[in-house]
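Descriptive structure summary
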Amino acid sequence: SLRRNHKMNTAKRLLACGMAAAMVAGLTACDDETPANNGGSSNNSVAAPAAVTTTTSASTTTDPNDALDMTDKDTKEFDTSLYQPSGKAGTLKYLGYYDITADQKGTEQCLIFQSDLFGGKIEYTSTPSGDAFYEKLSNLIAADDSPDIVEKSAMLYPGNVSKNLFEPLDGKIDMDSALWSDMKDVAESYSWNGKHYYYPHRITTSFALNYSKKTIEENDLPDPYELYRNGEWTWDAWRDIMIQFCDKDDDNIGFYATDTTVDAFILTTGTSIVDTQPSGVISNNIANPNVTRAMQFIETLCRDGLSYGKQLGDWVPPQTFATECDRLLFLCMEPEWTYIAATEQLQNPKGVDNDIFDTVSDFAFVPFPRDTQADAYYQGYDTFGYLVPKGAKNIDGAIEFINLNRAYDVDPTIQAQVKKDHCQPEKIYFEKGSNVGKEKWQITWGEQEYDLWREMCDPANFSFITEDAYGFNSDFQSQLATVVMDVVENGSSWTQTSAEFSPIVDAIVAEYSLA
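As the structure is a prediction and not an experimental result, all values here were calculated from the model.

Rules used throughout
Residues numbered from 1 in each chain as written. Predicted model: local features only at pLDDT ≥ 70, side-chain atom pairs only at ≥ 80, totals over all residues. Heavy atoms only, no water. Helix = DSSP H or I, 4+ residues; strand = E, 2+ residues; numbered from the N terminus. Buried < 20%, exposed > 50% of the residue type's maximum accessible area, 1.4 Å probe, protein only. Contact = heavy atoms within 4.5 Å. Areas by Shrake-Rupley, 256 points an atom, 1.4 Å probe, with all protein chains shown as cover. Pairing = 2+ DSSP bridges. Axes fitted to C-alpha atoms, helices over the stretch in contact; angles between N-to-C directions. Phe/Tyr/Trp six-rings, centres within 6.5 Å; stacked < 30°, edge-to-face > 60°. Lys NZ or Arg CZ within 6 Å of the ring centre and 35° of its normal. Expected span 1.5 Å × (residues − 1). Arc of directions from axis to C-beta. Parallel < 35°, antiparallel > 145°, perpendicular 65-115°, else oblique. Nonpolar A, V, L, I, M, F, W, Y, C, P; charged D, E, K, R; others polar.

Turning our eyes to something else, we now look at the overall build of the protein. From N to C terminus, the protein includes 15 helices and 13 strands. Buried residues in the protein amount to 62% of all 515 residues. Contacts spanning at least 24 positions in sequence make up 77% of the contacts within the protein whose residues lie at least 6 apart. Only carbon and sulfur atoms are counted for the fraction: they give 47% of the accessible area of the protein, which is about 19000 Å².

In structure tokens:
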């Protein structure tokens, strides 16, 4: 089931939603690669986070443009029985901090859109991410030069959804149609004051616990995946594994977490720090017993000596984890990006002659453990989709593009091919430059990892919940980050710091609440 936190309990279970999945994730462009952009928020890069917050949502690996090399190979046939295009979608002005036409999650959809079938064209305007993005969007709207489409990271719910920045799409997308009915509850959970601005076409993973199967094996630890499969993956099971590991060597580290991943752990209780309802009722749950219990469990992990003490630097991206996973047991981070980036770090070194091909890596992941005191297996989740900015001139074309993305995600033929592209990718070769004719590295997903990743995006398996504290503004988010990380990094008491912070939460609730 899906809930916008504890209040939204749907009788009708959502079915598996479309598979996220790039057609092929993890291709690289050339032999001297630059570090990956994780496609996440403004608050991080592989080098170092600009703030304490390090939100990650997977997107591209080394060179997003590289996805284009794949597109001629097995272009997916669009099934018009799922959605009937007009053939005259026209030009869509897209504003974003990366180019969707060259991103592995969107290349194929954009090619279909730009074919005669849809008759569309995409014009990309680049903008920095984060606050600069919101500002640029507001300025373009004010100047009557609105883009026609932006992706989800342009939205703050309710931060800018409440400020008339987006076109309500009520009556333009049929949530009861076969194409959309499985996403109806998700779209409802993002409505605001009776209007629907955001119809996500895909559910994606938020955060998970990433680890190396080799490290688990070499240290004779219980396999987290097996525990999960057997229904035994609980808070205590997670803690016990880390204690066993850290007892073996003083240099061993149980887990690395950022503020957003600690927040994701809290969500397993079924309660978020801030809960925003579509009706405009916003709740401050910072003193809620569930939130307190989760944070006190984190305090226990820190007292047990399991937490990260900056041994590997301020920020540990998957690339660092890849080479340090023999002493860092769990990396709390987005699993798709982590799996790809960590694998690439080891298999795709500089220069093409040392690349490792057709090999499933030792990296793996599991969801956050279940809270045995909760009434369900709660898990934070994310979504992906597009919004239409206020004043857009080609709303019809934008709607066609949104419908196309949804159809792509639910088409079983396309999705079977997407899985094949991940687990048995066809070989590709350099077409120019000094490596012409040599094989290009791409990731080979393990079947177990791929299937679990899809399972983690299916509301039939979890009660999904969101942390709504990130939906207001970046100042509030970094203030919350400081409070959370004060416990993890400095051993502060959550009860004390959260009590001091609570009036700040009350103020933001009062500012945005419609109740």
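What follows continues from the structure just given.
A separate point is the sheet that holds strand 13 (residues 463–465). Strands sit in the order 4-11-13 across an open sheet of three strands; the sheet is mixed. Of all the strands in the sheet, just strand 4 (202–205) and strand 13 have a single pairing partner and so form its edges. Ignoring strand direction, the axes of neighbouring strands in this sheet form an average angle of 60°. Here strand 11 (residues 378–384) pairs with strand 13 via three bridges, running parallel. Residue pairing for strand 13: Gln379 is matched across the bridge by Phe464.

A separate point is the packing of aromatic side chains. Scanning all chains against the criterion turns up 36 aromatic pairs. Taken together, a centroid distance of 5.1 Å and an interplanar angle of 85° make the contact between Tyr190 and Tyr198 edge-to-face. Each member of the pair, Tyr190 as well as Tyr198, carries the same accessibility label: buried. Look at Tyr228 and Tyr377: their rings are 6.5 Å apart centre to centre, the planes differ by 65°, and that puts the pair in the edge-to-face class. Note that Tyr228 is positioned in helix 5 (residues 224–229) and Tyr377 in the loop between strand 10 (363–366) and strand 11, a separation of 149 residues in sequence. Note on accessibility: Tyr228 and Tyr377 belong to one class, buried. Members of the aromatic cluster, connected to one another through ring pairs, are Tyr211, Trp233, Trp235, Trp238, Phe255, Phe265, Phe297, Phe330 and Phe368. Taking the ring centre of Trp180 as reference, the NZ or CZ of Arg406 above it sits at 5.8 Å. Positioned over the ring face of Trp453 is Arg454, at 4.4 Å from the centre of the ring.

Okay, the sheet that holds strand 10 next. Consider a sheet: its strands pair through backbone hydrogen bonds, and that pairing is either parallel or antiparallel. Strand order in the open sheet formed by four strands is 6-9-5-10, and the pairing between neighbours is mixed. At either margin of the open sheet sits one strand with a lone partner, and together these are strand 6 (253–256) and strand 10. Across the sheet, the mean angle from the axis of one strand to that of its neighbour is 25°, orientation sign disregarded. Looking at chain direction, strand 5 (residues 208–212) and strand 10 are connected through four bridges and run antiparallel. Its bridge partner being in strand 10, Asn210 is matched across the sheet by Phe365. Relative to the sheet, helix 10 (residues 335–347) contacts strand 5, strand 9 (328–333) and strand 10, its axis offset from that of strand 10 by approximately 165°.

Right, let's talk about helix 2 (residues 131–142) for a bit. Between its terminal C-alpha atoms helix 2 stretches 17 Å, which fits the 16 Å expected from twelve residues at 1.5 Å a residue. Listed as buried for helix 2 are Phe133, Tyr134, Leu137, Leu140 and Ile141. Down the axis of helix 2, the smallest arc covering the buried residues is 130°, so these residues share one side. Opposite its buried face, helix 2 presents the exposed residues Glu135 and Ala142, each directed more than 90 degrees away. The secondary structure elements touched by the buried residues of helix 2 are strand 1 (90–96) and strand 3 (150–151). Count one or two residues on from helix 2 and you reach Asp144, which has phi positive near 55°.

A word on the pairing of strand 11. Burial of strand 11 is extensive: seven of the seven residues sit out of reach of the surface. The pairing of strand 4 with strand 11 spans four bridges and is antiparallel. Residue pairing for strand 11: Ile203 is matched across the bridge by Thr383.

Quick look at the packing of helix 6 (residues 235–248) against helix 8 (residues 289–303) now. Interaxial distance between helix 6 and helix 8 falls to 11 Å at its minimum, and their mutual angle equals 10°. Judged by the angle between their axes, helix 6 and helix 8 are roughly parallel. Contact residues: helix 6 offers Trp235, Asp236, Trp238, Arg239 and Met242, while helix 8 offers Arg293, Ala294, Phe297, Thr300 and Leu301. Counted by class, the contact of helix 6 with helix 8 contains six nonpolar, one polar and three charged residues.

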